[in-house]
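# Report on the structure
The chain contents come next:
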Amino acid sequence: MRSMPSFDLVCLGAGGGPNEADLSAYLLKPSETRWEDGIIALEAGSGIGALTAILDRKPDTFHDLKLSLDTNTPSSIRAAQIYSYIQSFLISHSHLDHVLSLVLSAGSLSTPPSLYQAPFKRRRITGTKEVLDDLSTMIFSDRIWPNLASWSSESTVPDYLYLYDPIPTPKPTKDVVSEPDTKPRYHKVNTVVSVLAMPISHGQCRTGHAHAAAGTYTSTAFFIRHNTTEKQFLFFGDVEPDSLATSPLTKDVWRVAASLINSTLPDGQRQLDSIFIECSWPSSRSDNELFGHLNPQHLLQEMKTLARYVRKIRAPTSSPLESTATTGSTTNADTNPVEVPKKRRRLTLFKRHSRDKSVSSKMSDASISSTAIGLASSGNSSTPAPIQEELRAALKGVKLYLTHFKAPMQPSQGVKNGRLTQRIADEVKEFVFKEGLGLEVIAMEQGMRISL
């Protein structure tokens, strides 16, 4: 029996620039809700303009939407109405190709659907403190753009101002992350969806600022969870290869992802089986010209790292991974961290699910124990290269959605419809096939609608 999806997602843009009409932007909602009940925007590069073009090309994209507009209403007006249903912008980092439409539409959108049944209606910008500091000090500063956002949640603040909504994250240092009192928590975006944010490296920032020192520029990987079904997917902002990073952080994300991939929900689905990750350049792009991004060769190495941890959890040996990980039982997530019992059980970083066929809606917001994050930052970060056969089909059943394709600026081999999308996707598919990882590779394209 086919399992019901947990999320619906529409791609407003899968490009990474410089074409401003196709920039990173996705509209997300829980499958059981309506678009007009409230939308989460994953990134906000492209916006109303891209949505207008999608409605012209694919008018049935939002076939389940009940718009109170005449069918003769221009697509641009219908697009603005849909975009006004956004309750929260979930932003991985503050580069313009990820925030452009958020900035341009600030103060112009109609009031969003109520969030948490609050007495006032404010759109949130949800992200790490560093991302929000970038926006507040550099963009919404009355210099680059009028200050149309506020940190204050008081009801006296005008409804048209964005509300900054910071997500706590473990600091990207081994000592802090591995401390036993570090309690990572899922952050509620709305009543149905929560996210766990983990820092990832996106190259170097050579200039220091009052709120951010020079050094590694961090983006964010989000584990996005449906609070009722417990289904999750992993969504990456821009990311560079760990092999080139001054501060390699992606391996920490893969260790957490591996545990979720190995966790089965009561309906038989994996807790996580979908990963959205960038692959900006084709294989011909050299390492010194990646500028904090991935190409197919480096993406393959990242997938092999994930596959190794999936295999280690499925078939534990006397490795550091086995000796550290245990099963955690949770209490009320709003007040208590995850507790890790002394009794050893099957190797997993996450709580076991009940064998009962129903899924409890009283879900913990702390699905990962401090042990799990400590494991993600353990000193044994180097993993020996495995025998090819050890990784065969390790990621079978996992869908890899490719994003953030750079638009070519000159004639180039494999360009189709002004994009390198198909060329990059074909290269990734070839590498994955040769390694036998079992991944299903899908290239995201503007206007695509998928269920997760």
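What counts, and at which threshold
Residues numbered from 1 in each chain as written. Predicted model: local features only at pLDDT ≥ 70, side-chain atom pairs only at ≥ 80, totals over all residues. Heavy atoms only, no water. Core = buried A, V, L, I, M, F, W, Y, C linked by side-chain atoms within 4.5 Å. Buried < 20%, exposed > 50% of the residue type's maximum accessible area, 1.4 Å probe, protein only. Contact = heavy atoms within 4.5 Å. Helix = DSSP H or I, 4+ residues; strand = E, 2+ residues; numbered from the N terminus. Axes fitted to C-alpha atoms, helices over the stretch in contact; angles between N-to-C directions. Parallel < 35°, antiparallel > 145°, perpendicular 65-115°, else oblique. Left-handed = near helix turned anticlockwise from the far one by under 90°. Salt bridge = Lys/Arg side-chain N within 4 Å of Asp/Glu carboxyl O. Phe/Tyr/Trp six-rings, centres within 6.5 Å; stacked < 30°, edge-to-face > 60°. Lys NZ or Arg CZ within 6 Å of the ring centre and 35° of its normal. Pairing = 2+ DSSP bridges. pLDDT = per-residue confidence, 0-100.

### Concerning the nonpolar core
Generally speaking, a soluble globular protein has its nonpolar side chains buried in company with each other. Core analysis: the largest hydrophobic core is formed by 45 residues, its most contacted members being Phe223, Leu234, Phe236 and Ile275. The residues touching Phe236, leaving out its near neighbours within four places in the chain, are Ile200, Thr220, Ala221, Thr250, Val253, Trp254, Ile275, Phe276 and Ile277. Membership of the second largest hydrophobic core comes to 37 residues, among which are Leu27, Ile82, Tyr85 and Ile91.

### Some details on the environment of Phe291
Counting through the fold element by element, Phe291 comes out in the loop between strand E12 (272–278) and helix H7 (296–314). Residue class for Phe291 comes out exposed when judged on its relative accessible area of 58%. Considering only alpha carbons, one finds Phe291 and Val239, 52 residues apart in sequence, at a separation of 9.7 Å. Excluding its chain neighbours within four sequence positions, the residues that come into contact with Phe291 are His202 and Arg285.

### Some thoughts on the packing of H7 against helix H10 (residues 421–435)
Put simply, H7 and H10 touch, their axes get as near as 9 Å, and they point 40° apart. As far as their axial angle goes, H10 and H7 are oblique. In the packing of H7 onto H10, the handedness of the crossing is right-handed. Of the residues in H10, those in contact with Pro296, Gln297, Leu299, Leu300 and Lys304 of H7 are Ile424, Glu427, Val428, Phe431, Val432 and Glu435.

### What to know about the side chain of His226
On the secondary structure map, His226 appears in strand E10 (residues 215–226). In contact with His226, other than residues within four places in its own chain, are Ser6, Phe7, Pro30, Glu32, Val192 and Lys231.

### A look at unusual backbone geometry
For the peptide bond that leads from Gly17 to Pro18, omega is 0°, which places it in the cis range. Structurally, the position occupied by Pro18 is in the loop between strand E1 (7–16) and strand E2 (23–30). Its identity as a non-glycine residue notwithstanding, Glu230 has a phi of 70°, on the positive side. Of note, Glu230 is situated in the loop between E10 and strand E11 (232–236). Notably, Phe291 is not glycine yet its phi reads approximately 50°, a positive angle.

### Some points on the pattern of salt bridges
A complete count under the given rule lists twelve salt bridges for this structure. One salt bridge connects Lys129 with Asp133, and the closest N-O pair in it is separated by 3.0 Å. Of the two residues, Lys129 and Asp133 are both situated in helix H4 (residues 129–139); the distance of four residues between them amounts to about one turn of the helix. Taking the relative accessible area as the measure of exposure, Lys129 reaches 44% and is therefore partly exposed. Between Lys304 and Glu435 there is a salt bridge, with the nearest N and O atoms lying 3.7 Å from each other. Here Lys304, found in helix H7, pairs with Glu435, found in helix H10; they are 131 residues apart in sequence, far enough to count as distant.

### Observations concerning the packing of aromatic side chains
Aromatic rings in a pair are described by how distant their centres are and how their planes are angled relative to each other. Counted by the stated rule, this structure contains eleven aromatic pairs. Ring centres 5.5 Å apart and planes at 75° place the aromatic pair Tyr26 and Phe235 in the edge-to-face group. Taken as a pair, Tyr26 in strand E2 and Phe235 in strand E11 lie far apart in primary sequence, 209 residues in all. For the pair formed by Tyr26 and Phe235, the shared burial category is buried. Its end group placed over the ring of Tyr186, Arg225 keeps NZ or CZ at 4.2 Å from the ring centre. Of note, Arg285 hangs over the ring of Trp281, and the distance from its end group to the ring centre comes to 3.6 Å.

### Some remarks on the sheet that holds strand E13 (residues 399–403)
With mixed pairing, seven strands are arranged side by side in an open sheet as E8-E9-E10-E11-E12-E13-E14. Every interior strand has two partners, whereas the edge strands, strand E8 (187–188) and strand E14 (440–443), have only one. One ladder, built from four bridges, connects E13 with E14; its direction is parallel. Note on E14: the bridge partner recorded for Leu400 is Val441. On top of the sheet, helix H6 (residues 250–261) reaches strand E9 (193–205), E10, E11 and E12; it is set at about 165° to E11, its chief contact. Contacting E13 and E14, H10 crosses the sheet at an angle of about 175° to E14.

### A few points about the confidence of the model for the protein
On average, the protein scores 83 in pLDDT, and the residues at 70 or more come to 79%. Long-range and interchain partners of residues 172–183, a stretch whose pLDDT sits below 50, account for 19 contacts in this model, where long-range means more than four residues apart. Of the regions scoring below 50 in pLDDT, residues 318–387 engages in 150 contacts with residues more than four places distant in sequence or in other chains.

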